[in-house]
Every structure is written in structure tokens, then in C-alpha cells.
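One-letter residues, chain by chain:
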Amino acid sequence: MMDELIKEVSNRIEATEGRKRSRTADEQLRFEHAVHVVLVDLWKAVKSAPIRECSINKRSGWYSENPRYRDPVLTYKQMMAVFDGLLKLGFIEVTREGYFDRIIYQGKTTRFVARDELLERLQELDGHPALSVQPDKDAETIILRNTVGGKKVLQEYEDTPATERYRSNLKKINSCFLRHWCDLEVQDTELAKLEARIANHATKEPIDFSQRTLVRIFSNGSFKQGGRFYRAWWQNVPSEYRKYITIDEKRTAEFDFSQLNPHLLYHSNYKELGSEDAYDRVLDGEHRGLVKQAFNAMVQASTPLKNCPTEIDLSGLEMSWAELRDRIINAHKPISDQFFKGVGNHLQFVDSNIAERVMLHFANMDAPALPVHDSFILHHAYGESGEVEEAMRRAFYEEVGEHISKVDKEILTWDYRKEADANTAVEDMDMDAILRADNDLSQWRSRHRLWYAQR
């Protein structure tokens, strides 16, 4: 049990300290809380795919800055005592030393992982941290960031009716998520490939099933910019694996707004997008995904992009970045003055409000709608019934004040994993094959058994 491990580790750390006097009651509470925080994070890390590193901020001021976003019981002194004690015991090892540059006010946190005895103990714990560890319901979910010296920093703010509404709505959405169990139906033999795929991706973090709720992050010190939803495990799943996401063991579909940013950009400038696909019109229907990436980068940028953004791969395109950029501008002459103006964060605010409306609609039906950028993952039946399309049309109209149906294009595209995606339909399998298939998904089924047992 985790509680027993926390107590044991606390005692063993204290035995290494050689203290001349005992901690006060308040210090002891904070010390044991720090042990709990570190061990729980390490447990979540070893259950992630792939196993992730943990981090600790060794700058004393970090623990008192921005109190809205900090754990009030966690202190620098006790965290350092726990960290140093775990190092002395050989329970952890540092994988990257942190640093902080006081001139440019930037740095990196220290990274570490469990090793040897502690690693084995964590792997053998009963249950799963995603189910056994309750989320901190007091943690701030409405986050305001600003950019200082080129670095994104947290910003304090005074609550307003708007921020309180955002928080209340997100609490309703997150509560819906926590009433259900979302998972990834990937065969055990496929996990190594998935882990390698994530490890080699520049922006994907390990999949940590304990990250079952969202935060909403606003940018540039304004509650009118950004506002998208982040930090849920399914947002780290590579696109080709998202069709394997399940909700309460049921298959899902991903529903994607078609050309949302072009729709919003044309509408906000009183222009008509027209019936031709906003991305297909650039290269005569070819390289649509690449064009979409470039279009969004040009909308997001606040200065002309003379060089290709690092996240865009032009290797399969027989033209330079400058040529692609000019082709996009020429294909969208009615709004060409909107590129490189940094309007992307405002568009994100509008699309985040649309996303909030969609998620609230389904939360009121007790149906999780999992957001991934401008798409949603739900049980596929909601697409077949037309519920998703109607909800998305309504959300767009309520936020923008215009019916998206004026555009001669489907509002959304969607697909889901049909039976043909599986190796064999269940009804065509003999009992041995069924049992073998069940075993192939042992980790997925094990998490579900824990979920249903908890309920």
C-alpha cells in the first residue's frame, strides 16, 4: 500500500538525517506531505508509457511565488530534505541537473527517476495511481500566462465573474471525466512501439493515465487570448493511435471541426470563405495537412516568417518555405493582411469558447467529450445520431453569431475504428482465440477491472 510505503520511506529518510532536535508538528506535517508528493509522482512516472522523469524545482523562491498555482503545504525546506534523503538512500538518481540564470531569469528543473529498491517497490504496489490517487480538487485550473524575456511565466490575477464562470464550467466538465474511465486499447505487444513513437516525438509527453482532467491556459496576460484546454493524457497520444481510445470500454470516434481557423478568420473580417476547401485550394488538393500547419503558423506569428518553422517538415514538398508561404497568401487574398499579425491567440480564445460549449453540452448528458486541439473524442454513436454535429453547429453559432452552414462544406469530419480494424471479429473466434486476445490486452483490461472495482 502507498500509505505504508510513505510511512516507511519517511522513517528511513529521518534515520539518515542525524537531526539534533525533532521537527515541530507543523514541520513534520510538511515533511510527510513532501514525501507523499514525491512518491506519488514517482509512482505515476513508473506507470506512464514510456516511464517518465520526475522534476523538482530547487530554487527556494519558486515555492512562495504565485501562490494561486502552488501547493500551500509544500515548502522548499522540506522538499529538499526529502530529495536529499532519497538520494542518500539510493532510492533515486538525477538524470539532469537543473539550473537558474538570475540575469535572464530562466532555467531548467532538476530531473530524476526511481532506481533499484524503490523502483521495484513502486512497480509492485497494488492498484494504479490513476485510480488510487484522488486528484487535488483545490488545484487551480484557470491559468494565466505571460511572456517575459521570451519565456512563458505564470501571472497572478484577481478573479472576475468571467474567471469564476470558466472555473465553474471546467469543474463540471472535469467531474464528468472523473465519473468515467478513458483508456487506450492497445495490445501489450504494441506498447513498445507506442512508447518509442512518443519518446522520439519532439512535443509528446509520456502517457500518464492519472492526468484525467483539464486545465485552461490563457496567454499574453489576457483572458481574451488563448484559453485552450491542456494536460490530459489523451492529448499526448499520437494521432495514429487515437482511434484506440476507449470510454468505459466502448469504442470512440474523433470529431474534427473542418477548417475552423479559416472560418473564424474570414468571418471576423467580414469576408466569405467560399465553398472550396481552405487548404486544398493552395496546392490543388495536395499536401493538405502540411498546408494546414503552415496556414496556422502564419496566423499565429507576429512577424513575417522568413524561415520555415521547426515543427513543419517540407521534405516531401518540392518547393521552398517562401514559395509555400506565398502560395497560401495568394490563395487567401481577402484576408492576406491578417497573416503575421499575431491574431492566432485571439482565434484560440474563440475556438476554446466553442470547445467549452461542446464539452458542457455533453457533460450535461454525462458523456465525456475529450478535447484534442479543435477536435473531440466521444463514443462513436453520438456521431451516428447527429448529436455531435448539432452540438458543434450550435456552439459555433452561439459564440460567433453566424450559422456555419452558410459555408458549402461539412462542419466536421469523423471516423472510428470499426470491427475490420481488429484482427478478427469476436463472433468468428473460438474460445482459445478469445482468451488469447483477452490476454493480449491484459494491461488495458487490468485497469478496467480496477476501475469497476472502485466504483
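For clarity, every value in this text was computed on a predicted model and none was experimentally measured. (Residues numbered from 1 in each chain as written. Predicted model: local features only at pLDDT ≥ 70, side-chain atom pairs only at ≥ 80, totals over all residues. Heavy atoms only, no water.)

A. Quick peek at the pairing of strand β5 (residues 110-114). In terms of burial, β5 is a largely internal element, four of the five residues being buried. Here strand β1 (residues 54-56) pairs with β5 via three bridges, running antiparallel. Considered in β5, the bridge of I56 is made with T110. The pairing of strand β2 (residues 92-96) with β5 spans four bridges and is classified as antiparallel. (Buried < 20%, exposed > 50% of the residue type's maximum accessible area, 1.4 Å probe, protein only. Helix = DSSP H or I, 4+ residues; strand = E, 2+ residues; numbered from the N terminus. Pairing = 2+ DSSP bridges.)

B. Quick peek at the side chain of R23. Positionally, R23 belongs in the loop between α1 (2-17) and α2 (25-46). In this structure the side chain of R23 is engaged in a polar contact, spanning 2.6 Å, whose partner is the side chain of E17. For R23, the contacting residues outside a window of four places in its chain are E14, E17, Q28, F31, Q78 and A81. (Polar contact = N/O pair within 3.5 Å; in protein donor to acceptor, adjacent residues only side chain to side chain. Contact = heavy atoms within 4.5 Å.)

C. A look at the confidence of the model for the protein. Overall, the predicted model of the protein reaches an average pLDDT of 90, with 91% of residues at or above 70. Considering only residues more than four positions removed or in separate chains, one finds that residues 422-429, a stretch of pLDDT under 50, has seven contacts. (pLDDT = per-residue confidence, 0-100.)

D. Main features of the environment of I217. With respect to the helices and strands, the residue I217 is situated in strand β9 (residues 215-218). Judged by relative accessible area, which is 9%, I217 ranks as buried. For the pair I217 and R145, spaced 72 residues apart in sequence, the C-alpha separation works out to 7.1 Å. Apart from residues lying up to four places away in sequence, I217 is in contact with I143, R145, G226, G227, R228, Y230 and R231.

E. Just the packing of aromatic side chains, in detail. Overall, the coordinates contain 16 aromatic pairs when judged by the stated rule. Aromatic side chains W62 and Y63 sit 4.9 Å apart centroid to centroid with 85° between the ring planes, which places their arrangement in the edge-to-face category. For Y63, a relative accessible area of 10% puts it in the buried group. Note on F218 and F349: the rings are 6.4 Å apart at their centroids and 50° apart in plane angle, and the pair reads as tilted. Placement of the pair is F218 in strand β9 and F349 in helix α11 (residues 344-363), with a sequence separation of 131 residues. Assigned by exposure class, F218 and F349 land together as buried. A connected cluster of aromatic rings, assembled from ring pairs, spans Y157, Y166, F218, F223 and F349. Across from the ring centre of F31, 4.0 Å away, lies the NZ or CZ of R23, which sits over that ring. Over the aromatic face of Y157 sits the side chain of R68, whose NZ or CZ is 3.7 Å from the ring centroid. (Phe/Tyr/Trp six-rings, centres within 6.5 Å; stacked < 30°, edge-to-face > 60°. Lys NZ or Arg CZ within 6 Å of the ring centre and 35° of its normal.)

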